[in-house]
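# Survey of secondary and tertiary structure
Here is what each chain is made of, one letter per residue.
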Amino acid sequence: MPPNDRPRFIVCMAALLCLCGAFLAGGGAWLLALGGSPYYLAAGGALLLAGVLLWRRSGTALTVFAALFALSLVWSLWEAGLDWWPLAARMGVLFILGVLLRTRWITRALRPEPDNRWARRPVGGLLLSLGLTAFVAVAIASWAQDPHQRQGDLPGARGAVAADAAGLRGMPAGEWHAYGRTGDGQRYSPLDQITPANVADLQLAWQFRTGDLRGQPGDPEETTYEVTPLKIGKNLYMCNPHQTVMALDATTGAEVWRHDPKVQGSLALQHLTCRGLSYQPPDPAAPVAAGPGACPAGKLFMPTADGRLLALNPVDGRPCTAFGAARGHIDLWANMPNHRPGAYYSTSPVVVTHKLVIVGGTVLDNASVREQSGVIRAFDIETGALVWNWDSGNPDSTAPIARGQRYTPNSPNSWSISSVDETLGMVYVPMGNQPPDQWGGNRSPAVEKYSSSVVALDLASGQVRWVFQTVHHDLWDYDVPSQPSLIDLTIDGATVPALVQPTKQGELFVLDRRTGTPIHPVTEVPAPQGAAAGDRTAPTQPKTALSFEPARLTGRSMWGATLFDQMACRIAFHRLRYEGRFTPPSVQGSLIHPGNFGVFNWGSVAVDPVRQIAFTTPTYLAFVSTLVPRPDDRTLMVQDGGPPEGALPALNENFGAPYAARMGPFLSPVGLPCTAPPWGYVAGADLQRGTVAWQHRNGTVRDLAPVPLPFRMGVPTLGGPMLTAGGVAFLSGTLDNYVRGYDVTSGRELWRERLPAGGQATPMTYLGEDGRQYLLVVAGGHGSTGTKAGDSVIAYALPRR
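Now for a look at the structure at hand. (Residues numbered from 1 in each chain as written. Predicted model: local features only at pLDDT ≥ 70, side-chain atom pairs only at ≥ 80, totals over all residues. Heavy atoms only, no water.)

### Quick notes on the overall build of the protein chain
- Counting its secondary structure elements, the protein chain contains 9 helices and 39 strands.
- For 801 residues, the compact-globule estimate of 2.2 N^0.38 gives 28 Å, and the protein chain sits close to it at 29 Å.
- Projected onto the principal axes, the alpha-carbon positions of the protein chain cover approximately 105 × 70 × 55 Å.
- A burial count over the protein chain gives 62% of its 801 residues as buried.
- Sequence-distant contacts in the protein chain: of pairs separated by 6 or more residues, those separated by 24 or more amount to 65%.
- Split by element, the accessible area of the protein chain, about 29200 Å² in all, is 57% carbon and sulfur.
- The averaged location of the 62 negative side-chain charges in the protein chain is 9 Å from the averaged location of its 64 positive side-chain charges. (Helix = DSSP H or I, 4+ residues; strand = E, 2+ residues; numbered from the N terminus. Rg over C-alpha atoms; globule rule 2.2 N^0.38 Å. Buried < 20%, exposed > 50% of the residue type's maximum accessible area, 1.4 Å probe, protein only. Contact = heavy atoms within 4.5 Å. Areas by Shrake-Rupley, 256 points an atom, 1.4 Å probe, with all protein chains shown as cover. Lys, Arg positive; Asp, Glu negative; His and termini not counted. Charge placed at Lys NZ, Arg CZ, Asp CG, Glu CD.)

### Overview of the packing of helix H1 (residues 8-33) against helix H2 (residues 39-55)
- Contact geometry of H1 with H2 gives a least axis separation of 7 Å together with a crossing angle of 160°. If you check the angle between H1 and H2, you find them roughly antiparallel. Crossing angle aside, the handedness with which H1 passes H2 is left-handed.
- Split into classes, the residues belonging to the contact of H1 with H2 amount to 22 nonpolar, 5 polar and no charged. (Axes fitted to C-alpha atoms, helices over the stretch in contact; angles between N-to-C directions. Parallel < 35°, antiparallel > 145°, perpendicular 65-115°, else oblique. Left-handed = near helix turned anticlockwise from the far one by under 90°. Nonpolar A, V, L, I, M, F, W, Y, C, P; charged D, E, K, R; others polar.)

### Digging into the packing of aromatic side chains
- If you walk through the whole model with that rule in mind, you get 30 aromatic pairs.
- Judged by centre distance (3.7 Å) and plane angle (10°), the ring pair of tyrosine 39 and tryptophan 75 falls under stacked. One end of the pair, tyrosine 39, is in helix H2; the other, tryptophan 75, is in helix H3 (residues 60-80), and 36 residues separate them in sequence. Each of the two residues, tyrosine 39 as well as tryptophan 75, counts as buried.
- Centre to centre, the rings of tyrosine 428 and tryptophan 466 are 5.9 Å apart; their planes meet at 40°, and the pair counts as tilted. (Phe/Tyr/Trp six-rings, centres within 6.5 Å; stacked < 30°, edge-to-face > 60°.)

### Remarks on the sheet that holds strand S33 (residues 722-724)
- Spatial ordering of the open sheet is given by S1-S33-S34-S35-S36, a layout of 5 strands whose pairing is mixed. Each edge of the open sheet is held by one strand with a lone partner, namely strand S1 (188-189) and strand S36 (749-754).
- With 4 bridges joining them, strand S34 (residues 728-731) and strand S35 (residues 738-743) adopt antiparallel strand pairing. Residue leucine 731 lies in a different strand from S35, and its bridge partner there is arginine 740. (Pairing = 2+ DSSP bridges.)

### Details of the sheet that holds strand S16 (residues 386-390)
- Spatially, S13-S14-S15-S16 is the arrangement adopted by the 4 strands of the open sheet, whose pairing is antiparallel. Only two strands of the sheet have a single neighbouring strand rather than two, namely strand S13 (351-352) and S16.
- Pairing between S13 and strand S14 (residues 356-359): 2 bridges, direction antiparallel. Each bridged residue has a counterpart across the sheet, and for valine 352 the counterpart in S14 is valine 357.

### Considerations on the layout of surface pockets
- One number sums up the size of the second largest pocket: a volume of about 1200 Å³.
- Along the wall of the second largest pocket there are 46 residues; nearest its centre are Tyr279, Pro281, Val352, Thr353 and His354.
- In terms of residue count, strand S9 (residues 278-280) provides more of the lining of the second largest pocket than any other element does, 3 residues in total.
- Its residues assigned to classes, the lining of the second largest pocket comprises 24 nonpolar, 13 polar and 9 charged. (1 Å grid on protein atoms, 1.4 Å probe; cavity = no way out; pocket = protein on both sides within 12 Å on 5 of 7 lines; lining within 4 Å. Points joined across faces, edges and corners; volume = space filled by probe spheres on them.)

### Describing the pattern of salt bridges
- Across all of its chains, the model carries 32 salt bridges by this definition.
- The residue arginine 772 makes a salt bridge to aspartate 770 at a minimum N-O spacing of 3.0 Å.
- Classification of aspartate 770 as partly exposed rests on a relative accessible area of 29%.
- With a shortest N-O distance of 3.2 Å, aspartate 770 and arginine 800 are connected by a salt bridge. (Salt bridge = Lys/Arg side-chain N within 4 Å of Asp/Glu carboxyl O.)

### Some details on the nonpolar core
- Core analysis: the biggest nonpolar cluster contains 50 residues, and Trp206, Leu300, Phe730, Tyr766 and Leu775 have the highest contact counts within it.
- Looking at this core, the element that brings in the most residues is strand S38 (residues 773-779), giving 6 residues.
- Once residues within four sequence positions are removed from consideration, phenylalanine 730 is found in contact with Ile194, Val199, Leu202, Gly720, Pro721, Met722, Thr724, Arg740, Gly741, Trp751, Pro763 and Leu775. (Core = buried A, V, L, I, M, F, W, Y, C linked by side-chain atoms within 4.5 Å.)

### Examining helix H9 (residues 563-575)
- With 13 residues, H9 extends 18 Å from end C-alpha to end C-alpha; this agrees with the ideal 18 Å at 1.5 Å per step.
- Among the residues making up H9, those that are buried are Leu563, Phe564, Asp565, Gln566, Met567, Cys569, Arg570, Ile571 and Phe573.
- Where H9 is buried, its residues touch H1, H2, H3, helix H4 (84-101) and strand S26 (590-592). (Expected span 1.5 Å × (residues − 1).)

### Focus on a nonpolar patch on the surface
- A cluster of nonpolar residues, Val123, Leu126, Leu127 and Leu130, forms a patch on the protein surface that exposes about 340 Å² of accessible area.
- By secondary structure assignment, the location of leucine 127 is in helix H6 (residues 121-143). (Patch = residues over 30% accessible without salt bridge, like charges linked within 9 Å, V, L, I, M, F, W, Y side chains within 5 Å.)

### Considering the pairing of S36
- Bridge analysis of S35 against S36 gives 5 bridges, and the strand direction is antiparallel. Its bridge partner being in S36, arginine 740 is matched across the sheet by arginine 752.
- Where S35 hands over to S36, the hairpin turn is made up of 5 residues, of which glycine 747 adopts a positive phi near 85°.

### Description of unusual backbone geometry
- With omega at 0°, the peptide bond leading from proline 435 into proline 436 counts as cis.
- Checked against the element boundaries, proline 436 lands in the loop between strand S18 (426-430) and helix H8 (445-450).
- Cis rather than trans, the peptide bond between proline 677 and proline 678 has omega equal to 5°.
- Relative to the elements of secondary structure, proline 678 occurs in the loop between strand S30 (659-665) and strand S31 (681-686).

### Observations concerning the side chain of asparagine 654
- Within the fold, asparagine 654 resides in the loop between strand S29 (623-629) and S30.
- Owing to a relative accessible area of 2%, asparagine 654 belongs among the buried residues under this scheme.

### A look at the packing of H2 against H3
- Their axes nearest at 8 Å, the elements H2 and H3 cross at an angle of 160°. Classified by the angle between their axes, H2 and H3 sit roughly antiparallel to one another. The chirality of how H2 crosses H3 is left-handed. Judged by residue contacts, Tyr39, Tyr40, Ala43, Ala46, Leu47, Leu49, Ala50, Leu53 and Leu54 of H2 engage Thr60, Ala61, Val64, Phe65, Leu68, Ser72 and Trp75 from H3.
- A per-class count over the contact of H2 with H3 returns 14 nonpolar, 2 polar and no charged.

Structure, rendered in structure tokens:
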């Protein structure tokens, strides 16, 4: 064959090598100028050289590429070790190119060069074959182990416990009366029919479609099913995103009744969700209520998106008109500043005690500095009269506010679920921030004290009993997102009433709930400094012994589907400001890890009061936070698609503050996380010892990838776990549309079942009229995570005997 008669395959392959080389060399030069790895520039040069040599049909091309491949393998092992997904990102493209170079269409077309020992085809081809074989061996070795896995076992029962400590709290074992089953927020059931030995036998018992789907006019992006139903008597009770309330027969799934509260339209909503209802059981010592509007079977409480708190009869769903001045509801906009329907309401179930119903609320995140108050209010559970109000902007005045007065605008709020201990006489409130989240130059001393804290309020008066701050001067939207879990722990032989508080930044604070003092050591560690103009940063931040803090990111932590987008992520990493956890937001753009998605979010954790352990679902996603200077109080700075439709708010504009904020996940050019997997785990914590016993990656990318690939990479979770006395934990919140069952002792996955939509809610369990234990999952999807929308309520049970 004449030297200049180049086969088309040689031409295409040479062009491909040169194109890849040029991209790597150009990007590598940029990366090196930013202080990053020199590898990409060198690899690009080698690929360009191999491409030119191949164009000349020189066998030296194989030798050059073989040398590049071997050195790349060594470099990859040095950077990533035997961790398959980072290895695949670095070596995948080179492996494919190497295989193509070893095809006969290439090797037979190379020119003989007997005087050049490096161009002899057997030499270069042999070296390349050895390199490819070595990579296959390394790949197989990496598949056989998981460097992110922690093996171990959680302890069994730790002595006899009282019925209250075992999760009964005066209710039948087969029922579920509150969001976390009881006001303790444990998400633990004493039912034990389902065990590690038989959980694989679970089968569909019934499925119900609510008919409530997202995508209706006026829906915000974050229209979500996050509900955990209640089980009271024979029925299940739940709410839908569009605020209807339903009762279903718990054994058959048949609809019993449905109530539509006729929510006002044109709402300024950031979220449209309902995490659940609250229940007041009838008081057996009180006279039986009678007359129109009386609810002798107790009350269901439902906060609505237009700012009401409904009281409904669990028998038929009719309003309890004896509550709320004969209306069956109270107006949560009373005495509230900055009236804007939809901008304030409680997305979470309220707290119910024997005498009170206690309500917090969400406000718009980062829309302006003129939002509603974050006041916590307690109402008489029979009449709806205001008993006390605790306003974090005016914390010492808790007597009911006078007619015509207003609560403090823009004070820190509590959007999540609170817990209550009526024996100690306290309600435990997880607090958020004052908007805007990313700039705090004008925060008052009261705001600084109560932001991102868990606050214990006196049930009788609303006065602060204690406060524990989880983040000082929060600039990262690290509000306290999770319901505190109340559990009694045995510490040094004594029983200590404890509170377990998960946080977005990854701490699992374990406190004495009588005083707020840490049970496991909490230290103040130095934090990065240098906030934006007019702001400041706290010199230290608290860290507990039981911490799920992510490892500090470096250039080698960057990931991508290929070597090319991994390089792009490394360039982006070096362009951003990053000094570890608590790097302040900046005009340059700061990398926030973990991001405000949170290591833990509203799903919280589940705790077993008998074994004194926690089942947790840590998630690790990095976000980018960029401050955008505002020229005035009107111009849209970060709404790339123009103003929102209708009454929906312009989020992250921070009107009235010096900066708007551009926020989002840290993604590669092809839309994958720039940080390497795993992004989600399940982990078991020993609360008595303050240690993590086991941790395993959890979930697949089946519903996240363009094609349904069931790779077990470990995906984020949004929605909480649930524990049972049978030794099985359940979780449906992973972003891959599965519900799973786990051995609590080891964390091993024992069972999984496909869901028809995203299951971003917390499962629950109960006893049916047929005597069987049921597992209940709500699969309706989550708007902001993009999981598949649906409207299914699904019950599973063991086969009938």
